[in-house]
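Breakdown of the fold
The primary structure of each chain is shown beneath.
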Amino acid sequence: MSLLFRGPNSEIVPAEVEHAWSERHGLIGFFTSVDHKRVGMRYIATSFFFFFVAGLLALVMRVQLAKPDAGVVGPEVFNQLFTMHGTTMIFLFNTPVLAGFGNYLLPLMIGARDVAFPRLNAFSYWIFLFAGIFIYISFVVGKAPDGGWFAYVPLSDKAYSPGINMDFWGLGVIFVGISTTVGAVNFVVTVFKMRAPGIAVNQLPIFVWSLVGMAFMIIFAVPVLTVAAGLLEADRLFGTAFYVPGRGGSVLLYQHLFWFWGHPEVYILFLPATGMVSAIIPVFSRQRLAGYIWVASSLVAVAFISFGVWVHHMFATGVPAAAMGVFSAASLIIVIPSGIQYFAWIGTMWEGRPRLEPPMLFALGFLVIFLLGGISGVMVSSMPFDWQATDTYFVVAHFHYVLNGAVVFPIFGALYFWLPKMTGKMLSARLGRWSFWIMLIGFNVSFFPMHILGLRGMPRRIFTYHPGLGWDWLNMVASIGGGVFGLGTGITLFNIFWSRKHGAEAGDDPWGGDTLEWATSSPPPDNNFTAVPIVSSRHPLWDQDPLPRGVSGPAPETESQGLLGAERRQTPVTAGLDALSETSSTVPVPTAVPFVLALGIAFVFVGLLVSAKLVMGIGIVAGMAGLTRWAWRTEVDRP
Amino acid sequence: MTRRSREPSSGPVRARFGTLAGLLIAVVGIGALAGCGSGSPSALDPHSPQARRIANLFWLMLVLAIVIYLLVVGMVLISLRTRGSDPDAHSDSPGPERRSLSNRFIVIGGLAIPIVVLSVVAVATVSATKALENREGAIQIRVDAEQYWWRLIYEQDGVVSANEIHVPVGKPVVLTLTSDNVIHSVWVPQLNGKVDVVPGQTNRMSFTAQQTGTYRGQCAEFCGIGHALMAFVVVVQSDADYQSWLAANRATPAAPTDPNVVAGQRLLVEGSCAGCHVVAGTAATGTFGPDLTHFGSRGSIAALQLPNDPDHLARWLAHTQDVKPGALMPQIDLTQDDVDHLVAYLESLR
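Everything numeric here is computed off the predicted structure, so don't read it as measured data. (Residues numbered from 1 in each chain as written. Chains lettered and ligands numbered in written order. Predicted model: local features only at pLDDT ≥ 70, side-chain atom pairs only at ≥ 80, totals over all residues. Heavy atoms only, no water.)

The secondary structure content of chain B amounts to eight helices and twelve strands. For chain B, the exposed surface amounts to about 14,800 Å²; the carbon and sulfur share of it is 59%. (Helix = DSSP H or I, 4+ residues; strand = E, 2+ residues; numbered from the N terminus. Areas by Shrake-Rupley, 256 points an atom, 1.4 Å probe, with all protein chains shown as cover.)

In structure tokens:
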């Protein structure tokens, strides 16, 4: 029962349309593409590269911690390992991989031919790539950040971290933040303005809702991280004293700023992951999502409440108890929207006929893991218990259940679900099942014992421990589990390469999906839809058979909707909650300008890092040239 | 609308999920319990009313957690039960949403039950927080967190020590926590939750040890290279033992007579040691490192890295950076004789 509704690819693309959307060839094509699908694929591929690198860093740590008093790595290296593991997973894997899926799927799901700002989109990817390279150069030169991924002052100040190590971190997160913010703005405008005619807000796929929630959180949270890291770098590079006690600065100011971003960030990662689950479970249950309005409202509620919980990372810093109570309460309340979503998923499966294909297995793995991570989250939101648990392996266990279990499992599910759409090839279901079960077992064997380690007094971020503290065998078990988990992820990686050659043809709609991405070919043509779908249902592919397509009319509102619009590189712009036709917008042609601008910015950051005015100058000139060219060019340019 | 017939069956996948969930639950209780009495500085092996209060809060939450986890995973498994579905996939069209049913699921499972459970947790939290709020005490000890050791100052009693917090049993103790370097965190799981030591502010932590004994603590906030090796102990003594410890630590050690010890003293006072260490009654007055006036009476070296005996002390002096990478005490070139003399002197400081 591995195949449900596979049929041949059906999107017909006339030669004129194909020509209008053609990319440049070869290397030039690589640097000039602004197509959201190519950008999305690059995001996903680059993020997964970083995922496996950061996973290897974690395995080295687990080898070191498997036995007491081990000498595999010393404290200098170990501190670099955990700093880079956290930094990579948060900034270079979790956030961008979700941006990648969003990039690829969002226009398809809303029946658009591209995102609102395709060049900005390409720019956002190049910035992410350069920031990733920037941060990883630190390893090459042997000066990787070593002050923790959270870079608490004063330890990360010049006085206690005199090397260039923490500058890689401070400048790197500012750098990558540009990409995240730009991408978020693009998502918001795309969802608000680029929906195909008729997709009212209450007909948006839940995954799209989750991306909008994520994007708004990014827009409000990431600038605060930029401030936190910016002031840190000002202290480090220019000798200001924002965080220096005794010179008018405050150590806790940094923590407030950092966690004002840091806690919403958890939900920035988590929201799209739940959106993926809300996309997968209905399709494989053959049942409409229960409580659509409840789920959509929950996503919005989470996005708001997530800004009121940050102090729960600081319960042990001596903040007055009365003030902490508010944050403790908010941390409890945020459980409720997640509970609502959870029971919407159970209700959907309850009413449906679940099929245990790999995407569904990963969604189910998410359910059992996230439940545990959520429960331990309630525990640590209780201040007195948090005083024992914070900065111990209990918290390490908790947030890996949330950020690894409840985010990575949906992402793997999404790979099995949507990669056939992106490549046209099915992944092996057999390998998928092996990968899932090995990951699920490895994950729990690795991270569950960490709860007990924390309760038994093992702090985080220690490179070694002495025997006889009751930590030995639990650490050994955790390390073995880590290896097993790594093996499970490796099977999926192998599966991806295997499927490119040996995978069965996916066709338009291998799973019997309900949303618009399944209405076009796999992989979709460059123009996505030759004529855009006209939607009147929450589940267009289930309810609208045949799916009506737009016809180009003479007026600008409808010009883009049919074949003529595709020939003219147009995509519809709609207005209001009900997505009424408003006008047509032209999708920009391929251009290297975003690449040049991003490269210029990269030079500026490298210049700041090594205090080289010349490098900065080159960067500024290149960036200004790119910006000028960008502004000069009108959207009706033709290749 | 009539209910569809349900034919519960236990597929292998469902069984595997069930086994896994069961195992998880079994492991949490047993594993955490086993922490007691295994030599672990376990938060679930409390020896003060404060730690006991938190442990009780944990047990309450754990019981709730297990009940909720089993209930919800049970519902997930039931929802997976196979039904007599049409074998022909193409006719397997998606069913309509039954609003009343999904609302019931969401309102009961997602709204009502969490609100009840969270209210219980909230009440327990508030009551435990109030109980732990009192930070007054008979015994006041100042703890200055250094990289990577603990300076202890008994201001009322004129005692300065390091890494070994002596307190009398049954008396409320308040630690006043300051740091002039980076953030650290004081944590003795068996006595209370942790409190960060934040530069620029003074935090307080209190506990009342109920039993004599030695309780291990460790820095819990990442503080640099030596973070993992920044441990300490709380030594809980009877009141009489505590008083005699105070008296001994107030006294200035007598001038040495043994020639080895005298040679060691000269090395320490005239060498680079004196720049960072105090030995009362001598010219060694540096305060960057730990006070060594009563070094010989302490149980361990270098914040719990080595037991305090001549062999280990010799190793510490000769291989400082191997024993404790990142220690701010530099590796000093010493001959074997120098080491022997220093060991003799330091161990005589009781």
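What follows covers the interface of chain A and chain B. One frequent convention defines the size of an interface as the accessible area lost when the parts assemble. Taken together, the contact pairs 97 residues of chain A with 101 residues of chain B. Taken together, the two surfaces of chain A and chain B that pack against each other cover about 8,400 Å², and 69% of this comes from carbon and sulfur. Per-residue buried area on chain A facing chain B is highest for F343, W350 and Q388 of chain A; these three make up 10% of the total on that side. Where chain A packs against chain B, one counts one salt bridge. R461 of chain A is the salt-bridge partner of E221 of chain B, the closest N and O atoms lying 3.8 Å from each other. Run the count over chain A and chain B and you get 16 residue pairs in polar contact (both at pLDDT 80 or more). Elements supplying a minimum of two residues to the side of chain A that touches chain B: α4 (75–109), α8 (251–285), α10 (321–333), α11 (335–351), α12 (358–381), α13 (383–389), α14 (393–423) and α15 (429–455) of chain A. Per-element tally for the side of chain A that touches chain B: the top contributor is α11 of chain A, with twelve residues. Residue composition of the side of chain A that touches chain B, grouped by class: 60 nonpolar, 24 polar and 13 charged. (Contact = heavy atoms within 4.5 Å. Buried area = accessible area lost by both parts, 1.4 Å probe. Salt bridge = Lys/Arg side-chain N within 4 Å of Asp/Glu carboxyl O. Polar contact = N/O pair within 3.5 Å; in protein donor to acceptor, adjacent residues only side chain to side chain. Nonpolar A, V, L, I, M, F, W, Y, C, P; charged D, E, K, R; others polar.)

All right, on to the pairing of strand β8 (residues 203–208) of chain B then. All names here are of chain B. Counting buried residues in β8 gives five out of six residues, a clear majority hidden from the surface. With six bridges joining them, strand β5 (residues 172–179) and β8 adopt antiparallel strand pairing. For L177, the partnering residue across the bridge sits in β8 and is N203. (Buried < 20%, exposed > 50% of the residue type's maximum accessible area, 1.4 Å probe, protein only. Pairing = 2+ DSSP bridges.)

Residues and elements named next belong to chain A. You can see S179 is positioned in helix α6 (residues 165–193). From its side chain, S179 meets the backbone oxygen of S124 in a polar contact 2.9 Å long. Among residues more than four places away in sequence, those in contact with S179 are Y43, S124, I127 and F128.

Residue and element names in this part refer to chain A. A contiguous nonpolar patch, built from I133, I137, V140 and V141 and spanning about 360 Å² of accessible area, is present on the exposed surface. Within the secondary structure, V140 sits in helix α5 (residues 118–140). A relative accessible area of 70% means that V140 is categorised as exposed. (Patch = residues over 30% accessible without salt bridge, like charges linked within 9 Å, V, L, I, M, F, W, Y side chains within 5 Å.)

All names here are of chain B. By the assigned domains, chain B splits into domain 1 (2–87 + 94–131), domain 2 (139–250) and domain 3 (259–348). At the interface, 13 residues of domain 1 touch 13 residues of domain 2. Buried area between domain 1 and domain 2, summed over both chains or domains, comes out near 1,000 Å², and the portion from carbon and sulfur atoms is 50%. When the buried surface of domain 1 facing domain 2 is broken down by residue, P41, H47 and Q50 rank first, second and third, together holding 56% of it. Counting the contacts that link domain 1 with domain 2 gives seven residue pairs in polar contact (both at pLDDT 80 or more). Residue composition of the side of domain 1 that touches domain 2, by class: six nonpolar, five polar and two charged. (Domains from an automatic or database assignment.)

In a beta sheet, neighbouring strands are held together by backbone hydrogen bonds and run either parallel or antiparallel to one another. All names here are of chain B. The sheet built from five strands is open, its strands ordered β3-β2-β1-β5-β8 with mixed pairing. In the strand order of this sheet, the two ends are held by β3 (159–162) and β8, each with one partner. Sheet twist, expressed as the average angle between the axes of neighbouring strands with direction ignored, equals 25°. With four bridges joining them, strand β2 (residues 149–154) and β3 adopt antiparallel strand pairing. Its bridge partner being in β3, Y154 is matched across the sheet by V159. Of the strands in this sheet, β1 (139–146), β2 and β3 are in contact with helix α4 (residues 239–250), which crosses β3 at around 100°. (Axes fitted to C-alpha atoms, helices over the stretch in contact; angles between N-to-C directions.)

Residues and elements named next belong to chain A. It is the contact of helix α7 (residues 206–238) with α8, at a shortest axis distance of 8 Å, that shows an interaxial angle of 160°. If you check the angle between α7 and α8, you find them roughly antiparallel. In the crossing of α7 with α8, the sense of the turn from one axis to the other is left-handed. Split by residue class, the contact of α7 with α8 holds 25 nonpolar, four polar and no charged. (Parallel < 35°, antiparallel > 145°, perpendicular 65-115°, else oblique. Left-handed = near helix turned anticlockwise from the far one by under 90°.)

Residue and element names in this part refer to chain A. Taken as a whole, this structure holds twelve cavities of 30 Å³ or more when the rule is applied. Each pocket or cavity is described by its volume, and for the second largest cavity that value is around 160 Å³. Taken together, 17 residues form the lining of the second largest cavity, with I206, S278, A279, D514 and T515 sitting closest to its centre. Counting residues per element, the ones that place at least two in the lining of the second largest cavity are α7 and α8. If you tally residues by element for the lining of the second largest cavity, the top one is α8, at four residues. For the lining of the second largest cavity, the residue count by class is twelve nonpolar, three polar and two charged. (1 Å grid on protein atoms, 1.4 Å probe; cavity = no way out; pocket = protein on both sides within 12 Å on 5 of 7 lines; lining within 4 Å. Points joined across faces, edges and corners; volume = space filled by probe spheres on them.)

In this section: the sheet that holds strand β4 (residues 164–168) of chain B. Residue and element names in this part refer to chain B. An order of β4-β10-β9 is seen for the three strands of this open sheet, with the pairing classed as mixed. The outermost strands of the open sheet, each flanked by one partner alone, are β4 and β9 (213–218). Pairwise comparison of adjacent strand axes, ignoring direction, gives a mean angle of 25° for this sheet. Where β9 and strand β10 (residues 231–237) come together, six bridges link them in antiparallel fashion.

On to the side chain of R216 of chain B. Mapped onto the elements, R216 of chain B comes out in strand β9. D69 of chain A provides the closest opposite charge to the buried, unpaired R216 of chain B, separated from it by 8.9 Å. In terms of polar contacts, R216 of chain B uses its side chain to reach the side chain of Q218 of chain B, at 2.9 Å. For R216 of chain B, the residues in contact, after removing those within four places along its chain, are L469 and W471 of chain A together with P41, W187, V188, P189, Q190, A231, F232, V233 and L304 of chain B. (Lys, Arg positive; Asp, Glu negative; His and termini not counted.)

To continue, consider the layout of surface pockets. Residue and element names in this part refer to chain B. Its boundaries defined by the atoms lining it, the second largest pocket holds a volume of some 620 Å³. Considering the residues around the second largest pocket, the lining is formed by 35 residues, among which H277, G289, P290, W316 and M329 are closest to the centre. Secondary structure elements with two or more residues in the lining of the second largest pocket: β11 (300–301), α6 (310–318) and α8 (336–348). Per-element tally for the lining of the second largest pocket: the top contributor is α6, with three residues. Classifying every residue of the lining of the second largest pocket by side-chain character gives 25 nonpolar, seven polar and three charged. Here the lining of the second largest pocket spans two domains, and each of domain 2 (139–250) and domain 3 (259–348) adds at least three residues to it.

Before going further, it helps to spend a moment on α6 of chain A. An ideal rise of 1.5 Å per residue puts 42 Å on 29 residues; α6 of chain A measures up with 43 Å between its terminal C-alpha atoms. With 23 of 29 residues buried, α6 of chain A is to be regarded as a mostly interior element. (Expected span 1.5 Å × (residues − 1).)

Residues and elements named next belong to chain A. Interhelical geometry of α15 versus helix α16 (residues 472–502) gives an angle of 155° and a closest axis separation of 7 Å. What the angle tells us is that α15 and α16 run roughly antiparallel. For the pair α15 and α16, the crossing hand works out as left-handed. For the contact of α15 with α16, the class distribution of residues is 18 nonpolar, eleven polar and no charged.

Here the focus is the packing of aromatic side chains. Residue and element names in this part refer to chain A. A full pass over the atoms with the stated rule returns 79 aromatic pairs over all chains. Measuring from ring centre to ring centre gives 5.4 Å for F91 and W261, while their planes differ by 5°; the resulting arrangement is stacked. Of this pair, F91 sits in helix α4 while W261 sits in helix α8, and the two are 170 residues apart along the sequence. Both residues of the pair, F91 and W261, belong to the buried class. The interplanar angle of 75° and the centroid separation of 6.1 Å between the aromatic rings of F123 and W630 together place this pair among those described as edge-to-face. Of the two residues, F123 is situated in helix α5 and W630 in helix α21 (residues 613–632); the sequence distance between them amounts to 507 residues. Note on accessibility: F123 and W630 belong to one class, buried. A cation over an aromatic ring shows up here: R538 above the ring of Y292, its NZ or CZ 3.7 Å from the ring centre. (Phe/Tyr/Trp six-rings, centres within 6.5 Å; stacked < 30°, edge-to-face > 60°. Lys NZ or Arg CZ within 6 Å of the ring centre and 35° of its normal.)

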